[in-house]
Amino acid sequence: MGFFSNLSKSTDLVNGMAERLCTGLAELLTQDPQRYAPVLRTMAIKCNRCPAQADCNRLQRRSSHLDAAPMYCVNKPALDALRRR
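All of these numbers come straight from a predicted model, not from anything done at the bench.

> Describe the pattern of salt bridges, naming the residues involved and giving the relevant values.
By the definition in use, this model includes 2 salt bridges. We note a salt bridge from D55 to R58, for which the minimum N-O separation is 2.5 Å. Within this pair, D55 and its partner R58 are both found in helix 4 (residues 53-62), separated by 3 residues, close to a single helical turn. On the accessibility criterion, R58 (37% relative accessible area) is partly exposed. Across the pair K76 and D80 runs a salt bridge, and its minimum N-O distance is 3.4 Å. Highlighted residues: K76 and D80, both in helix 5 (residues 76-84), separated by 4 residues, approximately one helical turn.

See the structure below:
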């Protein structure tokens, strides 16, 4: 896969995790894109480098809701911060 295809896949994984954690990221992006688009971009780039994408993909296929991001998630701190806001 090329860089942009991988980044698109990573963005989908980040959005999926954010949705399952009920972070409200999609709404935040709509309400304040200048603030939250860089957050999404940073998370997607981190995800793109993550060796556990297959695990994340399997988890998301099995679960429509999560109480917490898995410990292996490179974006766990950012996702936790979005949930606390």
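The rest of the description comes next.
> Give me the lowdown on helix 3 (residues 33-48), citing residues and values where you can.
Taking 1.5 Å per residue as the helical rise, helix 3 with its 16 residues ought to reach 22 Å, and the 21 Å between its terminal C-alpha atoms agrees with that figure. Along its buried surface, helix 3 packs onto helix 1 (3-20), helix 2 (25-31), helix 4 and helix 5.

> A description of the nonpolar core should follow, citing residues and the corresponding values.
Core analysis: the largest hydrophobic core is formed by 19 residues, its most contacted members being M17, L21, L25, L79 and L82. Taken together, the elements giving at least two residues each to this core come down to helix 1, helix 2, helix 3, helix 4 and helix 5. Leaving out residues up to four positions away in the same chain, M17 has contacts with C56, L59, Q60, L66, P70 and L79.

> How would you sum up the side chain of Q53? Please name residues and give values.
Among the structural elements, Q53 can be located in helix 4. Polar side-chain contacts of Q53 include one of 2.8 Å to the backbone oxygen of C47. Ignoring any residue separated from it by four or fewer positions in sequence, one finds Q53 in contact with K9, S10, L13, C47 and N48.

The rules behind the values
- Throughout this description, residue numbers start from 1 for each chain and increase along the sequence as written.
- The predicted origin of the model limits local features to residues at a pLDDT of at least 70 and limits the giving and counting of side-chain atom pairs to 80 or more, whereas totals for whole chains, interfaces and linings rest on all residues.
- Hydrogens and waters are ignored; side-chain quantities use all the structure's heavy atoms.
- For this analysis, a salt bridge means a side-chain nitrogen from Lys or Arg found within 4 Å of a carboxyl oxygen belonging to Asp or Glu.
- Helix and strand definitions here come from DSSP, where helices need a minimum of 4 consecutive H or I residues and strands a minimum of 2 consecutive E residues; each element is numbered from the N-terminal end.
- To sort residues, take the accessible area from a 1.4 Å probe on protein chains only and compare it with the maximum for the residue type: under 20% means buried, over 50% means exposed, and anything in between is partly exposed.
- Here a helix's expected span is defined as the number of its residues, less one, multiplied by 1.5 Å.
- Here a residue-residue contact requires only that any non-hydrogen atoms of the pair lie within 4.5 Å.
- We define a nonpolar core as any set of buried Ala, Val, Leu, Ile, Met, Phe, Trp, Tyr and Cys residues linked to one another through side-chain atoms lying within 4.5 Å.
- What qualifies as a polar contact is a pair of N or O atoms within 3.5 Å, subject to a donor-acceptor requirement within protein and to the restriction that residues adjacent in sequence count only when both atoms come from side chains.

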